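The residues making up each chain are set out below.
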Amino acid sequence: MKFSKNQIIMFSSIAILLICAMTFSSVYAAVIAAEYIKASGIQVVNPENTATTALPDETATEAPDNTEPGSVIDVINGQPGDNSDNLNTTKSGSSGTGTGTGTTAKSNNTPSTKAEIASLYKAANNKARTKAKKATLTYKNAENYNDVFEAGYLSSIGSFLMNTFLKEKADLNEIHTDDIANAIPPANVTCNLKESDINKATCSDKGTYYFVTILLKPDKNPKAGYGSGSICSIITSDQITQATEGYIEVSNIICQYDGAYCEAEIDKKTGNLTKLYIRLPMYLSLTAKAPIMPAVDGKVGLQFEEKWTIVY
């Protein structure tokens, strides 16, 4: 899967649906929506017949195992911490909700500053693009973020549409070999992560690998490969405009990313990125106009997640 391409379809579909929701009395608007959805290849499912699966328990706050007390920040409201269960890793030693002491001693060479962690992750991510033999997408999720769907009195219709088109896909086995550089986040571009992009970051010594968490600062309309686009496959305003061309005239696009986040396992000996979890929350604001219809403004909250395993 080319993550960014599928996300473009998702974003542009929501843009189309937003406008059609706000002009719902028009048969013409409904036809536009139907034709665009058909062209995008998106399947509509009845949310009443689709089970809603909760996010894995690993997203809950959990104290670090095998880590010195106080060396990692807990995951609270999207803050980084030792949330390595997100990567389906097997941990040894003590566990529980307290800090406690672990069995793995921290190396003196463990990256600890934002600059060191940024350098470690950037090198590992870019190495995966040229050296990895296989990358497997094992989980992905798309959902409404913070219940934001501003469509006036038709917000309930918007919520229905969101629940219909956004869903979780667990237990995937989507394998990439020849197109790894175009698949793993950030797709199709080089990672240009900088110290200045980072809000908080941690690096835990797990014996044979480093467990890294990175929470970026919120940013607006970043360039692919930079800012939020350095760790996640983002959608740019140009991509949305191109995807909706011929159906809806879209302008004033603002992609406000609300703290892109990633967790990674990086082999200490080789520097290979072996496991990756990313979460991308954002708000999409735009002005859209269907033919013979007045222009309207809208805003929608979206969040995307993915998990990857990478083999060399």
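See above for the structure.
Everything quoted here is computed from the prediction, not taken from an experiment.

Enquirer: Which residues make up the nonpolar core, and what values go with them?
Expert: The tendency in soluble globular proteins is for nonpolar side chains to be buried side by side. Tyr121, Leu193 and Ile214 are the most contacted members of the largest nonpolar core, which has 53 residues in total. Per element, the largest residue contribution to this core is eight residues, and it comes from strand S9 (residues 273–289). For Ile214, the contacting residues outside a window of four places in its chain are Ile117, Tyr121, Leu193, Ile198, Lys200, Ala201, Ile231, Ala260, Tyr261 and Cys262. The next biggest cluster of nonpolar side chains, apart from the first, holds six residues, and it includes Tyr209, Phe211, Tyr261 and Tyr277.

Enquirer: Break down helix H3 (residues 114–131) for me, with residues and values.
Expert: Look at H3: 25 Å from first C-alpha to last across 18 residues, which is about the 26 Å you get at 1.5 Å a residue. All of the buried residues in H3 are Ile117, Ala118, Leu120, Tyr121, Ala124, Asn125, Asn126, Ala128 and Arg129. Tucked inside the fold, the buried residues of H3 contact strand S4 (198–205), strand S5 (209–216), strand S8 (261–267), S9 and strand S10 (296–311).

Enquirer: Tell me about unusual backbone geometry, residues and numbers included.
Expert: Between Pro185 and Pro186 the backbone carries a cis peptide bond, its omega angle lying at -5 degrees. Within the fold, Pro186 resides in the loop between strand S3 (174–176) and S4. You will see that Asp147, though not glycine, has its phi angle at about 55 degrees, which is positive. Position of Asp147 relative to the elements: it lies in strand S1 (residues 134–150). By relative accessible area, Asp147 is classed as exposed at 71%.

Enquirer: Can you break down the pattern of salt bridges residue by residue, with the values?
Expert: Inspection of every chain in the model, using the stated rule, returns one salt bridge. One salt bridge connects Asp205 with Lys268, and the closest N-O pair in it is separated by 3.1 Å. Remark: Lys268 occurs in the loop between S8 and S9 and Asp205 occurs in strand S4; sequence separation between them is 63 residues. By relative accessible area, Lys268 is classed as partly exposed at 30%.

Enquirer: How would you explain the pairing of S1 if you had to name every residue and give the values?
Expert: Inspection of the sheet shows S1 paired to S10 by twelve bridges, in the antiparallel sense. Across the sheet, the residue bridging to Ala142 is Phe304, located in S10. Where S1 lies against S3, three bridges are found, and the strand directions are antiparallel. Bridge pairing in S3 places Thr136 opposite Ile175.

Enquirer: So what's going on with the side chain of Thr213? Which residues, and what values?
Expert: In this structure, Thr213 sits in strand S5. Side chain to side chain, Thr213 and Thr202 meet in a polar contact 2.6 Å long.

Thresholds, definitions, all that
Residues numbered from 1 in each chain as written. Predicted model: local features only at pLDDT ≥ 70, side-chain atom pairs only at ≥ 80, totals over all residues. Heavy atoms only, no water. Core = buried A, V, L, I, M, F, W, Y, C linked by side-chain atoms within 4.5 Å. Buried < 20%, exposed > 50% of the residue type's maximum accessible area, 1.4 Å probe, protein only. Helix = DSSP H or I, 4+ residues; strand = E, 2+ residues; numbered from the N terminus. Contact = heavy atoms within 4.5 Å. Expected span 1.5 Å × (residues − 1). Salt bridge = Lys/Arg side-chain N within 4 Å of Asp/Glu carboxyl O. Pairing = 2+ DSSP bridges. Polar contact = N/O pair within 3.5 Å; in protein donor to acceptor, adjacent residues only side chain to side chain.

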